Amino acid sequence: MAVLSLMAMPFGLETWPLKAMGFCIDLMVDAGIWVSSWPGAVSVFLTISGVALVLMVLGGLWVCLWRTNARAFGLVIAALGLALAPANKRPDVLIDRDGATAALRSDSGNLVFPPATAAGYSVDNWLLADGDERDAKAASEGTTFRCDLFGCVGTVKGKKVALVRHAAALEDDCQSADTVIAPFTIARDASRRA
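Each residue is numbered by its place in its chain's sequence as written, counting from 1. Two thresholds apply to this predicted model, a pLDDT of at least 70 for residue-level local features and 80 or more for giving and counting side-chain atom pairs, whereas whole-chain, interface and lining totals are computed over all residues. Processing note: side-chain calculations cover all non-hydrogen atoms of the structure and skip hydrogens and water entirely.

Asks: Can you tell me about the packing of aromatic side chains, naming the residues and giving the values?
Replies: Only Phe, Tyr and Trp rings take part, Trp by its six-membered ring, and two of them pair if their centres are within 6.5 Å. Stacked means planes under 30 degrees apart, edge-to-face means over 60, and tilted covers everything else. Considering all chains together, one arrives at 4 aromatic pairs under this definition. Ring centres of tryptophan 34 and tryptophan 38 lie 5.0 Å apart, and the angle between their planes is 85°; this geometry places the pair in the edge-to-face category. Taking relative accessible area as the criterion, tryptophan 38 reaches 42% and is therefore assigned partly exposed. Site record: aromatic cluster; members linked through ring pairs are Trp62, Trp66 and Phe73. Categorising residues by exposure relies on relative accessible area from a 1.4 Å probe, with only protein chains included: less than 20% of the type maximum marks a residue as buried, more than 50% marks it as exposed, and the intermediate range marks it as partly exposed.

Asks: Hey, could you go over the environment of valine 3 for me, with residue numbers and the actual values?
Replies: Helix and strand labels come from DSSP, where a helix needs a run of H or I of at least four residues and a strand needs a run of E of at least two; each type is numbered from the N terminus. Along the chain, valine 3 turns up in helix α1 (residues 2–8). Separated by 11 residues in the primary sequence, valine 3 and glutamate 14 have C-alpha atoms spaced 9.9 Å apart.

Asks: Please provide a residue-by-residue account of the sheet that holds strand β1 (residues 93–95), values included.
Replies: Here 3 strands make up an open sheet; going across it, the order is β1-β2-β3 and the pairing antiparallel. A single partner strand is all that each edge strand has here, and the edge strands are β1 and β3 (111–112). At least two DSSP bridges between two strands are required for those strands to pair. Note: β1 against strand β2 (residues 102–105), 3 bridges, orientation antiparallel. Residue pairing for β2: isoleucine 95 is matched across the bridge by alanine 102.

Asks: Please set out the pattern of salt bridges residue by residue, giving values where relevant.
Replies: Each salt bridge in this description consists of a side-chain nitrogen of Lys or Arg and a carboxyl oxygen of Asp or Glu lying within 4 Å of one another. With the rule as written, the count across this model stands at 2 salt bridges. As a salt-bridge pair, aspartate 130 and arginine 105 come within 3.1 Å of each other at their nearest N and O atoms. On the criterion of sequence distance, the pair formed by aspartate 130 in the loop between α5 (121–129) and α6 (136–140) and arginine 105 in strand β2 is long-range, its members being 25 residues apart.

Asks: Explain the side chain of aspartate 130 residue by residue, including any values.
Replies: The exposure class of aspartate 130 is buried, given its relative accessible area of 9%. Here arginine 105 takes part through its side chain, which lies 3.1 Å from a polar atom of the side chain of aspartate 130. Whether two residues touch is decided by their heavy atoms; if any such pair falls within 4.5 Å, the residues are in contact. With residues near it in sequence (within four places) discarded, aspartate 130 still touches Leu46, Arg90, Arg105, Gly109 and Leu111. For the purposes of these results, a polar contact is taken to be a pair of N or O atoms within 3.5 Å, where, inside protein, one atom must be able to donate a hydrogen and its partner to accept one; residues adjacent in sequence count only when each atom of the pair is a side-chain atom.

Asks: Describe helix α4 (residues 72–84), with residues and values.
Replies: Along its 13 residues, α4 runs 19 Å from first to last C-alpha, staying within 8% of the 18 Å computed at 1.5 Å per residue. Of the positions making up α4, those classed as buried are Gly74, Ile77, Ala78 and Gly81. Down the axis of α4, the buried set is contained in an arc of 95°. They therefore lie on one face. Away from its buried face by more than 90 degrees, α4 exposes Leu75, Val76, Leu82 and Ala83. Multiplying 1.5 Å by the helix residue count minus one yields the expected span of that helix. It is the directions from the helix axis to the C-beta atoms that the arc portrays.

Asks: I'd love a proper account of the pairing of strand β5 (residues 151–156), names of residues and values included.
Replies: Two faces, one strand: in a regular strand the side chains alternate between the faces of the sheet. Burial of β5 is extensive: 5 of the 6 residues sit out of reach of the surface. When strand β4 (residues 146–148) meets β5, the two strands line up antiparallel, connected through 3 bridges. Of the residues in β5, the one forming a bridge with arginine 146 is valine 153. Taking the residues that link successive antiparallel strands as the turn, the β4-β5 hairpin has 2 residues. Linkage of β5 to strand β6 (residues 159–164), two consecutive antiparallel strands, is achieved through a turn of 2 residues, within which lysine 157 is found at a positive phi near 50°.

Asks: Would you mind going over the state of the cysteines in detail, with residue names and values included?
Replies: Only a pair of cysteine sulfur atoms within 2.5 Å counts as a disulfide in this structure description. By the definition in use, this model includes 1 disulfide. Across the disulfide from cysteine 147 sits cysteine 152; the S-S distance is 2.0 Å. Sign of the S-S torsion, about 110° for the bond between cysteine 147 and cysteine 152, identifies this disulfide as right-handed. Given the relative accessible area of 0%, cysteine 152 is considered buried. As a non-bridged cysteine, cysteine 174 has cysteine 152 as the owner of its nearest cysteine sulfur, 16 Å distant.

Here you go:
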């Protein structure tokens, strides 16, 4: 229909081919929405390491390209990649590039956010990369953060992490926390005093 509409454009007759093309695109989108609504159609998995991915791809290529009995060695390479897949090291603290949002790894291994953390690009991608199907609201409920008007304080692996929301809390948090995350610029003199 796209080619037909291009051929019809000099004559001003492109309307019908473009409408037919739009109808077909709508059908494809509706089919995708319908299939994605099936139970089990969407699964969330933990992000695997680059080494594991490379080994799985090399193993698959080995199996596909060799025609002799040596192709079985590709299965060994792919199996090694699968064995290394869950060994991906996950960070204990995640910080958004502007410092306004942070997440800590709880003792259970899940990411936790400060209360009332809104869904956003970073939050949603952190949860997906962690293999977590929860949304931002669920990940911030029952959290280990203690918050007030000036910021939040949480603990990860025995270390105290402070998320400062107001400059008034900076001095106290710098004295009591092991790590301080601030969404604003801190002057060098102020950081030396703290």
